[in-house]
Amino acid sequence: MEQPDEFDDLCVTAVRDIFGRTVTYTPNGGAAVELLGYFAPRMLDLSPGVTGWEDAEPRVEFRALDLADESITPAVGDVVSLDVRGTTRTYRVSQLVRSDVGSVELQLAGRA
């Protein structure tokens with residue numbers, strides 16, 4: 001994993017600290033770990049240059065160094081649990097959406 005520069009890491013850390021929520025991340029065959037992650041619920045997304053709406057599955061974004069500190073390499077099938085409006089929701093990771101320097105975004109599938 002490429003190491004983020006100091007500015008990238010400060011930006012990712014600020015977003016995590018302000019908008020993040022506690023997420024329980026359980027890798028396949030591993031132990032559950034609590035991390036701060038930014039959760040985006042299922043929504044309709046209008047992409048620039050595209051006519052119409054696209055149905056976007058829920059996503060969660062983590063600071064890459066937080067995952068590395070816990071020796072977690074995200075993979076399809078891992079399990080993510082978090083509180084959504086007072087109810088614990090559990091999802092499976094269905095896709096690695098993007099891995100920018102400093103952050104990792106995962107697409108989540110229906111409840112596990």
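Further up the page is the structure itself.
So, here is what we can say about the structure in this document. Every value quoted in this text rests on a predicted model; they were computed, and no experiment measured them.

Focus on the overall build of the protein
Item 1. Scanning the protein from N- to C-terminus turns up two helices and eight strands.
Item 2. Starting at the N terminus and walking to the C terminus, you meet the elements of the protein as α-β-β-β-β-β-α-β-β-β.
Item 3. Every one of the 112 residues in the protein was classed for burial, and the buried ones make up 36%.
Item 4. In the protein, the share of contacts with a sequence separation of at least 24, taken over all contacts with a separation of at least 6, comes to 47%.
Item 5. In the structure as shown, the protein presents an accessible area of about 6,800 Å², 51% of it carried by carbon and sulfur atoms.

Some points on unusual backbone geometry
Item 1. In this structure, Ser71 takes a positive phi of about 60° despite not being glycine.
Item 2. Within the secondary structure, Ser71 is located in the loop between helix H2 (64-69) and strand S6 (79-84).
Item 3. With a phi close to 50°, Arg85 is a non-glycine residue in the positive phi region.
Item 4. Mapped onto the fold, Arg85 is located in the loop between S6 and strand S7 (87-98).

Things to note about the nonpolar core
Item 1. Formed by 18 residues in total, the largest nonpolar core has its most connected members in Tyr25, Phe62 and Val80.
Item 2. Looking at this core, the elements that each hand over two or more residues are strand S1 (21-26), strand S2 (33-40), strand S5 (59-63), H2, S6, S7 and strand S8 (103-111).
Item 3. In this structure Val80 touches Val23, Thr24, Tyr25, Val60, Arg89, Thr90, Tyr91, Val93 and Leu108, once residues within four positions along its chain are discounted.

Description of a nonpolar patch on the surface
Item 1. Taken together, Val15, Ile18, Phe19 and Tyr38 make up a surface patch of nonpolar side chains, about 410 Å² in accessible area.
Item 2. Per-element tally for the nonpolar patch: the top contributor is helix H1 (residues 6-19), with three residues.
Item 3. Note that Tyr38 resides in strand S2.
Item 4. Assessed through its relative accessible area of 36%, Tyr38 is described here as partly exposed.

Looking at the pattern of salt bridges
Item 1. Taken as a whole and judged by the stated rule, the model has two salt bridges.
Item 2. Of the charged contacts in the structure, one is a salt bridge between Arg59 and Glu105, with a shortest N-O distance of 3.3 Å. With Arg59 in strand S5 and Glu105 in strand S8, this residue pair connects regions lying 46 residues apart in the sequence.
Item 3. A salt bridge links Asp66 to Arg63; its shortest N-O distance comes to 2.7 Å.

What counts as what
- Residues numbered from 1 in each chain as written.
- Predicted model: local features only at pLDDT ≥ 70, side-chain atom pairs only at ≥ 80, totals over all residues.
- Heavy atoms only, no water.
- Helix = DSSP H or I, 4+ residues; strand = E, 2+ residues; numbered from the N terminus.
- Buried < 20%, exposed > 50% of the residue type's maximum accessible area, 1.4 Å probe, protein only.
- Contact = heavy atoms within 4.5 Å.
- Areas by Shrake-Rupley, 256 points an atom, 1.4 Å probe, with all protein chains shown as cover.
- Core = buried A, V, L, I, M, F, W, Y, C linked by side-chain atoms within 4.5 Å.
- Patch = residues over 30% accessible without salt bridge, like charges linked within 9 Å, V, L, I, M, F, W, Y side chains within 5 Å.
- Salt bridge = Lys/Arg side-chain N within 4 Å of Asp/Glu carboxyl O.

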